[in-house]
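# Structural features, examined
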Amino acid sequence: MRLSAYIGGIGVLGPGLHSWPHAAAVLSGLEPYLAAPTVLPTPAMLPPAERRRTGRVVKLALAVAVEATASAGADPTLLPSVFSSSGSDGHICHEICQALALATREVSPTRFSNSVHNVAAGYWSIATGSMTESNVLCAFDASFIAGLLDALTQVAVDRQSVLLVAYDTEYPAPLHAKRPIPDALGVAMVLTPGRDATSKARIDLTLTDETCDSMSDLQLEALRRAIPAARSLPLLRLLAIGAAGRAVLDYLDVSRAAVQIEPC
Amino acid sequence: MKPLLLAEYTATSCIGRGVTPTLSALMEQRSGLARCEFETVKIDTHIGEVPGVDAQRLPKDLQIFNCRNNRLAELGVQQDGFFDAVQAAAARWGRRRVGVFIGTSTAGIMQTELAYRARDAVSGALPPSFEYGPTHNSFSVADYLRHRCRLEGPAVVASSACASSAKVFGSARRMIEAGLIDAALVGGTDSLCLTTLYGFHSLQLSSPAPCRPFDAARDGISIGEAAAFVLLERVPENLDADAVLLYGVGESSDAYHMSAPHPEGLGAKRAMQAALTAASLEPGDIDYINLHGTGTPSNDRSESQAVTSIFGPTTPCSSTKGATGHTLGASGALEAVISVLAIQNGLMPGGVHTTRVDPNLTAHYIKENRRARVLRVLSNSFGFGGTNCSLIFGRAG
């Protein structure tokens, strides 16, 4: 069974990857990969009061969602979204668990509100004024493909364009030792049922038993293995090169996802 | 949308393990809420605790998943022959052709809360026995169930706060319709933990008394826990008229506030309208509405406005959270099963604990059980982040 869509705008932000054009230059070999901590912009689209409350998860997700929708020229108020992440805000989770371990057990109400897994989708909706549906998913290390599958079924079944946002951030110590995600990385793409002026490529996805592809650059391969959203790197590499090709992306223990890319 | 068959279903909450005691409790208007004596929690509130969760054992080879949330999922999946029905579906369709779609808000975060009490005095490290992925991570409950039921299809958790296990019906619907799978294990599991008990308390959203949805004196929620599951399949050619189908899924976002609903319920209205459109039904086709009805002043006010704006003031509606408590990420699936029981038994369950319906709420809230033919039910689930989902269930014939 094959799921198909056209990929329009793309957004990327991660360690040593500053934007989609920059990531494309790195992934196609035009520029070297230089590892550097992810710098997350303050979301200017939020009102000042909300802006102050946002943590790294929200900043990351909004940054890549803005890049993808802007480059696709897509109106966010018309675009349903799929937000997929292997975890919610790790820093907030740490603060809450620390507070609950004390005798006083004073949990901050704002932290609690922002501890939900759908915090980024909530702020995206508030920032853009979009009342369209947003599906917020988690499949641990398989979260990128889980999000892509859900987005592709929306395109295939409901024939509607969808914004996919896949993103992961780190936990602080002591949780970091148990879940060692090194830094923040996010990928967003606008998927449409038909080809339009902004279409970069057609994507066809099937589930497979094949082993997944790795990245030939050792640092990018380390990134692919360390951050769940970076499992998209072999797909992004194909899109960066701009040639037809096929990549097998890691998914669940029992299956992988094969993506065929045809540039537009 | 193409309707789907609810081939099997089960629910476990504080009002009962499985559908038979759940139906009895609804028939008798019995509440499972009791004063909070959970763990070391010292909050003046009522909760809906499922008895025996911590006595539940997981299979030997799945001990890595051991946490309260997965113990509750195991307890839930063993009721009503549901586990065996899933095995039969896997045999019929193939293990790769059955997907797993589970809603939860906090999964097994309590395991991390406990680990933070046992940090190494010198290094601050969490205890070596603590496992993050199979317990705390949101996906853990779907991962437990796919291992437990040996399913190899696509698997995912939806975590949209209190709309989580309603929204999984949408994901499963799309994947079945796209032809990627033939059946879906859909549901929700959320268990009591300190994060939600102290978190809602900090927001002053939990009531000291058992919650009283739509009451003039309502003052907050009662947190509960539940595991509820449905086996969703395509509608077969030969269908029993008594079978219950999923006719519509409608979703929206409020674009308003992280923890407060839109004051006029615009997002809720949009979700209900989308569900009616998906089901090709008119408001008058709905016989009973199972409200989100949490019992906070603002939630019930905005939901009542949204309901009245579409259905007018006569469609009977109620919240079953006075009986079960607000089971958060499991409430969508729990109330889906309650909607099925309403249809199959001709029962509109009256809202428990509500004594005087708020005269400012114009929706037709029922306090007493009604026995009548119930063909179609709309069930609402709304959550933090302004996420809304409405489901429509109905008799096949």
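Everything below is about the structure printed above this text.
Here we summarise the structure given alongside this text. Residue positions are given per chain, counted from 1 along the sequence in the order it is written. Note on labels: chains are lettered from A, ligands numbered from 1, in written order. Local features in this predicted model are restricted to residues of pLDDT 70 or higher, and side-chain atom pairs are both shown and tallied only at a pLDDT of 80 or more, whereas totals for entire chains, interfaces and linings draw on every residue. Side-chain calculation: all heavy atoms of the structure are included, whereas hydrogens and water are not.

## A look at unusual backbone geometry
Residues and elements named next belong to chain A. We count it as follows: Where helices and strands are cited, they refer to DSSP runs of H or I of at least four residues and of E of at least two residues respectively, numbered from the N terminus. Exposed residues in this analysis have more than 50% of their type's maximum accessible area, buried residues have under 20%, and partly exposed residues fall in between, with area computed by a 1.4 Å probe over protein chains only.
Note that the residue after Ala 173, namely Pro 174, is joined by a cis bond; omega there is 5°. Residue position: Pro 174 is located in the loop between β4 (162-168) and α8 (175-178). Even without a glycine there, the phi angle at Arg 105 is positive, about 50°. If you check the backbone angles, Arg 159 has positive phi at about 50° while not being a glycine. By relative accessible area, Arg 159 is classed as exposed at 55%.

## Thoughts on the pairing of strand β5 (residues 185-192) of chain A
Residues and elements named next belong to chain A. We count it as follows: Each pair of strands is called paired provided DSSP finds at least two bridges between the two strands.
The buried fraction of β5 is high, at 8 of 8 residues. Here 6 bridges tie strand β1 (residues 3-13) to β5, and the two strands are oriented antiparallel to one another. Following the sheet pairing, Leu 13 is matched in β5 by Gly 186. In this structure, β4 lies alongside β5, joined through 7 bridges in antiparallel fashion. When the sheet's bridge partners are listed, Asp 168 is paired in β5 with Leu 185.

## Description of the sheet that holds strand β8 (residues 223-224) of chain B
Residues and elements named next belong to chain B. Read from one edge to the other, the open sheet built from 3 strands follows the order β3-β4-β8, with strand pairing classed as mixed. Each edge of the open sheet carries a strand with a single partner, namely β3 (34-35) and β8. Summarising the sheet, strand β4 (residues 46-48) and β8 pair through 2 bridges and their orientation is parallel. Bridge pairing in β8 links Gly 48 to Gly 224.

## A short note on the packing of helix α7 (residues 164-177) of chain B against helix α12 (residues 331-345) of chain B
Residues and elements named next belong to chain B. Using the following cut-off: Angles here are taken between N-to-C directions and fall from 0 to 180 degrees, while the axes themselves are lines fitted to C-alpha atoms, restricted in helices to the stretch in contact. The cut-offs work like this: below 35 degrees is roughly parallel, past 145 is roughly antiparallel, 65 to 115 is roughly perpendicular, and the gaps in between are oblique. Whether two residues touch is decided by their heavy atoms; if any such pair falls within 4.5 Å, the residues are in contact. Each residue gets one label: Ala, Val, Leu, Ile, Met, Phe, Trp, Tyr, Cys and Pro are nonpolar, Asp, Glu, Lys and Arg are charged, and the others, such as Gly, are polar.
Two elements in contact, α7 and α12, have axes whose closest approach is 5 Å; the angle formed by their N-to-C orientations is 75°. Here α7 lies roughly perpendicular to α12, going by the angle between them. Across the interface between the two elements, Ser 165, Ala 166 and Phe 169 of α7 pack against Ser 331, Gly 332, Ala 333 and Ala 336 of α12. Looking at the contact of α7 with α12 residue by residue, the classes come out as 4 nonpolar, 3 polar and no charged.

## Here's the deal with the state of the cysteines
Each disulfide is one covalent bond, formed between the sulfur atoms of two cysteines. Residue and element names in this part refer to chain B. Quick reminder of the rule: Disulfide: a pair of cysteine sulfur atoms within 2.5 Å of each other.
Applying the stated rule across the entire model yields 0 disulfides over all chains. No disulfide involves Cys 211; its sulfur sits 9.5 Å from the nearest other cysteine sulfur, which is in Cys 14. Here Cys 211 falls in the buried class, since its relative accessible area comes to 1%. No disulfide involves Cys 317; its sulfur sits 15 Å from that of Cys 211, the nearest cysteine.

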